Amino acid sequence: VPSNRIDLRSDTVTVPTPEMRLAMAEAVVGDDVYGEDPTVNTLQQTVAELLGKEAALFMPSGSMTNQVAIAMHTSRGQEVICAEGSHIYEWELGMMAAFSGVVPRFVPAPLGIPDPQQVRRAVRRSIHQSPTGLISLENTHNKMGGTVIPLDVMHAIRAVADEEGLPLHLDGARMANAAAALGVSLKEVAAPFHSVSLCLSKGLGAPVGSVLAGSKADLVRAHRYRKMLGGGMRQAGVLAAAGLLALRDGPARLKADHVRARRLAETLVEAGYDVNLDAVQTNIVYATIPGAQQKVSAWAEQGLLASALDVDSVRFVLHYQIDDEMLERALRVLRA
Ligand SMILES: Cc1ncc(COP(=O)(O)O)c(CN[C@H](C(=O)O)[C@H](C)O)c1O
């Protein structure tokens, strides 16, 4: 693959900026297992305040923040109501069953938006069935195309959770993209949820890490589950320093990613590919292409990297290390 490749496989591929590397090298650190890393503590307080929650915990990945949230909210044998195609099921390797002993109950989510009434009907209380333990939403929804759940729908689902006495979790790996698309703050997107997982390592551009925010009581349990998973880190301030810069600089760059994604999607349609433009709302574009892997391999030979996520589905993800010149080069490959 040519060295000047254009990497649209994911927004996880960004590399730390020189400023991040300097901050990482100069970070004031301590042993975070003893709660003594000042930079980790600053990151956790910053995210808790930013999201309007009592506390927050820094973890190596979004998979871990999600699975720790599921573990802290549920007990064995319960069900987790989530949208079809949710990452907590599709791409977290069965951990909800393997680690927490719970199973998913899917609700339809056209364009990534579950119907609050269908969520209500999915709640299980009968003595004949596994009871519901948690409702988990994903905003933006990756597999549906990086689609956005509007604020009123999230609040309506929180009302269902309250009526049913259930916790509500947000897989907010790309909640900053949702906030940018909705034109609201991170705090407004986080407001309806008891717990929120925010990835620093996606569009925000940090090299590593995700933060779980929630109530102090929940986070005491989360802390234990994190250590059970081996997520207790030591001088992790080296990573948290980059996370703080990602939080500072990342959100303002996301709209440009969304504009470039739209342009790529429209070019794909002009070139005759099958793209649902209604689902192109943020930085992700899915195209239905039979023989996806062959197509992705052919594009890779020309220096354009995309992901074949299913046999006939190719995903492109824009991020802040793709500029207009690189996008134009990518579009030339797609038009060929
Ligand atoms: C909605 C959502 N929630 C959680 C995660 C997990 O984050 P990490 O464990 O990769 O840090 C991801 C990662 N998504 C990755 C990607 O999109 O390239 C892959 C598919 O796992 C995600 O998209």
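Everything below is about the structure printed above this text.
Residues numbered from 1 in each chain as written. Predicted model: local features only at pLDDT ≥ 70, side-chain atom pairs only at ≥ 80, totals over all residues. Heavy atoms only, no water.

*Asks:* Please clarify how the overall build of the protein should be interpreted in this entry.
*Replies:* The helix and strand tally for the protein stands at 14 helices and 12 strands. Relative to its length of 336 residues, the protein is compact, with a C-alpha radius of gyration of 20 Å against a globular reference of 20 Å. Dimensions of the protein, computed from C-alpha atoms along their principal axes, come out at roughly 55 × 50 × 35 Å. A buried classification covers 55% of the 336 residues belonging to the protein. Taking as baseline every contact in the protein between residues at least 6 positions apart, the subset at least 24 positions apart corresponds to 74%. On the protein, roughly 13600 Å² of surface is accessible, and the fraction owed to carbon and sulfur atoms is 54%. Counting 32 positive and 36 negative side-chain charges, the protein places the averaged centre of each group 3 Å from the other. (Helix = DSSP H or I, 4+ residues; strand = E, 2+ residues; numbered from the N terminus. Rg over C-alpha atoms; globule rule 2.2 N^0.38 Å. Buried < 20%, exposed > 50% of the residue type's maximum accessible area, 1.4 Å probe, protein only. Contact = heavy atoms within 4.5 Å. Areas by Shrake-Rupley, 256 points an atom, 1.4 Å probe, with all protein chains shown as cover. Lys, Arg positive; Asp, Glu negative; His and termini not counted. Charge placed at Lys NZ, Arg CZ, Asp CG, Glu CD.)

*Asks:* Is there a simple way to explain the nonpolar core in this structure?
*Replies:* Generally speaking, nonpolar side chains in soluble globular proteins are found buried as a group. By size, the foremost hydrophobic cluster in this structure holds 50 residues, and its most contacted members are Leu51, Phe58, Ile135 and Met175. Here Met175 is in contact with Leu51, Asn139, Thr140, Leu170, Leu186, Val189, Ala190, Val196, Ser197 and Leu198, once residues within four sequence places are set aside. Counting 27 residues, the second largest nonpolar core, distinct from the first, contains Val275, Met326, Val333 and Leu334. (Core = buried A, V, L, I, M, F, W, Y, C linked by side-chain atoms within 4.5 Å.)

*Asks:* What is the right way to read the site of the ligand from this model?
*Replies:* For the ligand, the set of nearby residues contains 15 residues, the closest of which are Ser10, Ser63, Asp171, Arg174 and Arg315. Gly62 is positioned with one of its backbone polar atoms (N or O) 2.9 Å from an oxygen atom of the ligand. At a separation of 2.6 Å, an oxygen atom of the ligand approaches a polar side-chain atom of Ser63. Here the ligand, which alone exposes 500 Å², has 83% of that area covered by the protein. Looking at the shell around the ligand, the element that brings in the most residues is helix α3 (residues 62-73), giving three residues. Across the shell around the ligand, the residue classes tally to two nonpolar, seven polar and six charged. (Near = heavy atom within 4 Å. Polar contact = N/O pair within 3.5 Å; in protein donor to acceptor, adjacent residues only side chain to side chain. Nonpolar A, V, L, I, M, F, W, Y, C, P; charged D, E, K, R; others polar.)

Everything listed is a geometric property; what it means functionally is a separate question.
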